[in-house]
Amino acid sequence: MKIKDFGVELYMNTYEDNCRYNLVETCVSSMTVNELLDLTGEKDRILSDILSFRLTYSHIEGSPGFKEGICSLYSGIKPENITTTHGAIGANSLAINALVEPGDDVVSVLPTYQQLYSIPESLGAKVKILPLNMENKYLPDLSLLGEFMNNNVKLICLNNPNNPSGSVMDKAFLTKLIEIVRPYGSYILVDETYRGLTHEGSNLTESIADLYEKGISTSSMSKTFSLAGLRIGWVAAAKDVVSLISKHRDYTTISCGVIDDYLAAAALAHKGKIFERNLKIVKDNIEILDNWVHSDPNFTYVRPKGGTTAFLKMNFDVPSMDFCLKLLEETGVIILPGSVMDTEGFIRIGYAFESEILKEGLEIISQFTKKLLSQQ
């Protein structure tokens, strides 16, 4: 099987450890183990439990406590509708590999997480790209989606909130999208890794798994819950889909880590406190980012409505990779070039960490850009 280099991961693996200001980070400020245990109010009990664990395999498809915690994020999902995975990256990979066959048609938005179009392509599917653009506030063009649909479309791949733009598809929008797709019997996979971080109104967007009988929700503890180090995620879908995914999962996963599962269950049992913590971070910091964008004429964006990242148009003619690497080399600030998300002329900035680092990093970007353009 041939597959394209994973642009985002390759870039971050190469450069992320060599920066002073990390503005490429997509997780809400990661918690320490101590912070998580303090937040639960059950530190002594949890530590005692963990110290007694045998380090054998965990529950094969997730412990009852963890699966119940996941169910609490949905309105109609039950434990039998869930299997756990090695992060959302594992969930997306398993779901796509279980469903897509050579010759299938797959529709994916762009920009998005590269898994959603490169894995189907590597499996021999014909991938149709549904472009997201500023003019449409980075929401899918439903008219164009309708033109793409046919009886050979096996899967629609989306993510909500969107990475990198932070656009949010609400219930009304998703309902219209489902009405277009349902007559063809296609599956809809939505990477919902940033679900729980909608900036206004209810922080939880409607899940595709609650709205559509062939909807597949993938997510993890990484972004919204600040626990990427647990390396645990899940698929939520109809039982027949979970069963099919589990056949593939047997070849790649066996189980997730017993301590990862236990800590994830503890976090979900206290998800309200984590939501409160993390929503404050993203809501405070999006104001910092928004003020900066409107003060710097070299960048334009559509203000994110959810998630932890923003996609900024560069209002000058410099390749995004050249700009980002020169910025990193000269200032120590790392941001993501749009080219690694197959969208040239843009940069992605993460903003869900310490406010002072964000402020300083953004100011350095402005100073660097002015200097660069003055030399042209």
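Residues numbered from 1 in each chain as written. Predicted model: local features only at pLDDT ≥ 70, side-chain atom pairs only at ≥ 80, totals over all residues. Heavy atoms only, no water.

Student: Mind laying out the side chain of K223, listing which residues take part and the relevant values?
Tutor: Examined against the element boundaries, K223 turns out to sit in the loop between β7 (215-220) and β8 (233-236). Of the side chains bearing the opposite charge, E25 lies closest to the buried K223, which forms no salt bridge; the N-O distance is 5.3 Å. Separated by 2.6 Å, the side chains of K223 and T26 make a polar contact. The contacts of K223, once residues within four sequence positions are left out, are T26, C27, V28, T193, Y194 and L197. (Helix = DSSP H or I, 4+ residues; strand = E, 2+ residues; numbered from the N terminus. Buried < 20%, exposed > 50% of the residue type's maximum accessible area, 1.4 Å probe, protein only. Lys, Arg positive; Asp, Glu negative; His and termini not counted. Salt bridge = Lys/Arg side-chain N within 4 Å of Asp/Glu carboxyl O. Polar contact = N/O pair within 3.5 Å; in protein donor to acceptor, adjacent residues only side chain to side chain. Contact = heavy atoms within 4.5 Å.)

Student: Can you explain the pattern of salt bridges? Please cite residues and give values.
Tutor: According to the stated counting rule, one finds 14 salt bridges in the structure shown. In this structure, D38 and K43 form a salt bridge, with 2.9 Å as the shortest nitrogen-oxygen distance. Each of E42, R45 and D49 takes part in a single network of salt bridges with overlapping partners.

Student: Tell me about the nonpolar core, and please be specific about residues and values.
Tutor: Within the largest apolar cluster, 75 residues are counted, with the highest numbers of intra-cluster contacts made by M221, L289, F323, I335, I349 and I365. Of the residues forming this core, the biggest block, ten residues, is contributed by helix α12 (residues 271-295). With near-sequence residues (within four places) excluded, I365 lies in contact with L23, W292, F299, F323, L327, V333, I335 and I349. In this structure, V109, M134, Y212 and F311 belong to the second largest nonpolar core, which totals 25 residues. (Core = buried A, V, L, I, M, F, W, Y, C linked by side-chain atoms within 4.5 Å.)

Student: A description of the sheet that holds strand β9 (residues 299-301) should follow, citing residues and the corresponding values.
Tutor: Taken in spatial order, the four strands of this open sheet run β9-β10-β13-β12, and their pairing is antiparallel. Both edges of this open sheet fall to β9 and β12 (336-337), since each of them pairs with a single strand only. For β12 and strand β13 (residues 346-350), the ladder comprises two bridges, and the chain directions are antiparallel. Within β13, the position partnered with P337 by the bridge is I347. (Pairing = 2+ DSSP bridges.)

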